[in-house]
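Observations on the three-dimensional arrangement
As a plain string of letters, each chain reads:
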Amino acid sequence: MSFDPKAATRTPPKIVTFKVKRYDPTTGKEWWQDYKVETYRGMTVLDALLKIKEEIDHTIVLRYSCRMGVCGSCGMIINGMPRLACQTQIAEVATEANPVVTVEPLKNHPVIRDLLTDFTRFFEKHKKVKPYTIRKDIEEREKGDFEYEMTPEEHYNIYEYTLCISCGLCYSACPVVASTDRFLGPQALAYMWRYVADPRDEAWKERLELIDTDEGPFSCHYAASCSAVCPKMVDPAAAIQRLRSALLKYRLGMYKKEKIAQKKIVEVKPNPKPLPPEAQPVPGADPWKKNEEPVNIPVDELLA
């Protein structure tokens, strides 16, 4: 997704109308509701929605957390485009000529209420691709005295896909997910490629066989809408094409992982610098024993 870095420096229209799609699960009713919000420079769509909830309509429901584009909780459709509400400046989506912003829940996710969507199916697919490093030696995973060697080039090959925050925007934009729920989706498949390409992972055969179905990369139509909306500039469409290539080669007996990272014992070096006085433990103090003591907060004295 392209961002306007100067949007936060522009002043949006003084009064903006937010058209929010509402949904009541108890009655099954859907409707659009308008709210007029007084804006300011630097105000995001999430700021406006929280202002609506706090000052105008307490019943509106949405999900949010970090407010800084890290957690991926506030994904929604803003002016027809899947976006993170906390990353979207009002100055980007509203103009003096058209001071209106439409907000609706993400597509391809069941709606719980208003702008709140259910990610259960999304994370079931994420879990299905085993999004963690798998090694043949189970015992070595329990030891913490080593690390797996990786060159900067090898890290660069997978770095982009480690930026995924599982916000579900790519899943919402995918036309294949909209037509068939069996398709794993761009987020899960991008995660799959991240581990197939990771030299520290040894389960590449198992992973390729897992997606060698109609749920896998060959169902992708390569619309690339997933890559177009990613707030972290990840390219799931490219990852899916790389998975296709690897899977075809694997079927023909031509694919083999170039390198499996070897473990390297980490030497624990003593701290060459002494701790400053303020960091020294208090003589006679036992922090572990302190944790066992009950916490006594003088509430009555504080309220007096």
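Small disclaimer: the values here were computed from a predicted structure and weren't measured. (Residues numbered from 1 in each chain as written. Predicted model: local features only at pLDDT ≥ 70, side-chain atom pairs only at ≥ 80, totals over all residues. Heavy atoms only, no water.)

Quick look at the overall build of the chain
The helix and strand tally for the chain stands at 13 helices and nine strands. Relative to the globule expectation of 19 Å for 304 residues, the C-alpha radius of gyration of the chain, 25 Å, shows a markedly less compact shape. Overall size of the chain, expressed as C-alpha extent along the three principal axes, is 70 × 60 × 40 Å. Taking as baseline every contact in the chain between residues at least 6 positions apart, the subset at least 24 positions apart corresponds to 68%. If you sum the accessible surface of the chain, you get close to 18000 Å²; carbon and sulfur atoms cover 54% of it. Treating the 44 positive side-chain charges of the chain as one cloud and the 43 negative ones as another, the clouds have centres 5 Å apart. (Helix = DSSP H or I, 4+ residues; strand = E, 2+ residues; numbered from the N terminus. Rg over C-alpha atoms; globule rule 2.2 N^0.38 Å. Contact = heavy atoms within 4.5 Å. Areas by Shrake-Rupley, 256 points an atom, 1.4 Å probe, with all protein chains shown as cover. Lys, Arg positive; Asp, Glu negative; His and termini not counted. Charge placed at Lys NZ, Arg CZ, Asp CG, Glu CD.)

Concerning the pattern of salt bridges
Counted according to the given criterion, the structure contains 20 salt bridges. Linked by salt bridges that have partners in common, Arg121, Glu124, Lys125 and Asp181 make up one network. (Salt bridge = Lys/Arg side-chain N within 4 Å of Asp/Glu carboxyl O.)

Observations regarding the packing of aromatic side chains
Applying the stated rule across the entire model yields eight aromatic pairs. Seen in terms of ring centroids, Trp204 and Tyr255 are 5.5 Å apart; in terms of plane orientation they differ by 65°. Their pairing is edge-to-face. Here Trp204 is found in helix H9 (residues 204–210), whereas its partner Tyr255 is found in the loop between helix H11 (236–251) and strand S9 (263–265), with 51 residues between them in sequence. Here Trp204 matches Tyr255 in class, with each residue buried. Counting every residue linked through ring pairs, the aromatic cluster contains Phe119, Phe122, Phe123 and Tyr171. Over the aromatic face of Tyr195 sits the side chain of Arg194, whose NZ or CZ is 4.2 Å from the ring centroid. (Phe/Tyr/Trp six-rings, centres within 6.5 Å; stacked < 30°, edge-to-face > 60°. Buried < 20%, exposed > 50% of the residue type's maximum accessible area, 1.4 Å probe, protein only. Lys NZ or Arg CZ within 6 Å of the ring centre and 35° of its normal.)

Considering the environment of Asp198
Of note, Asp198 is situated in the loop between helix H8 (186–196) and H9. Residue Asp198 is classed as buried on the basis of its relative accessible area, which comes to 0%. Taking C-alpha positions, Asp198 is 32 Å from Ala85, a pair spaced 113 residues apart along the chain. If we skip the residues at most four places from it in the chain, Asp198 touches Met150, Ile158 and Lys257. Separated by 2.7 Å, the side chains of Asp198 and Arg194 make a polar contact. (Polar contact = N/O pair within 3.5 Å; in protein donor to acceptor, adjacent residues only side chain to side chain.)

A few points about the nonpolar core
Formed by 64 residues in total, the largest nonpolar core has its most connected members in Phe18, Val45, Leu49 and Leu208. Here this core gets eight residues from one element, more than from any other, and that element is H8. Beyond its immediate sequence surroundings of up to four residues, Leu208 is in contact with Val196, Leu243, Ala246, Leu247, Tyr250 and Tyr255. (Core = buried A, V, L, I, M, F, W, Y, C linked by side-chain atoms within 4.5 Å.)

Focus: the packing of H8 against H11
The relative placement of two packed helices comes down to the angle between their axes together with the axis-to-axis distance. Packing of H8 against H11 brings their axes to within 8 Å, and their N-to-C directions diverge by 55°. In this view, H8 runs oblique relative to H11, as classed from their interaxial angle. In this structure, H8 crosses over H11, and the sense of that crossing is left-handed. Contacts between H8 and H11 pair Pro186, Leu189, Ala190, Met192, Trp193 and Val196 from the former with Pro236, Ala239, Ile240, Arg242, Leu243 and Ala246 from the latter. (Axes fitted to C-alpha atoms, helices over the stretch in contact; angles between N-to-C directions. Parallel < 35°, antiparallel > 145°, perpendicular 65-115°, else oblique. Left-handed = near helix turned anticlockwise from the far one by under 90°.)

These results come straight from atomic positions and should not be treated as a statement about function.
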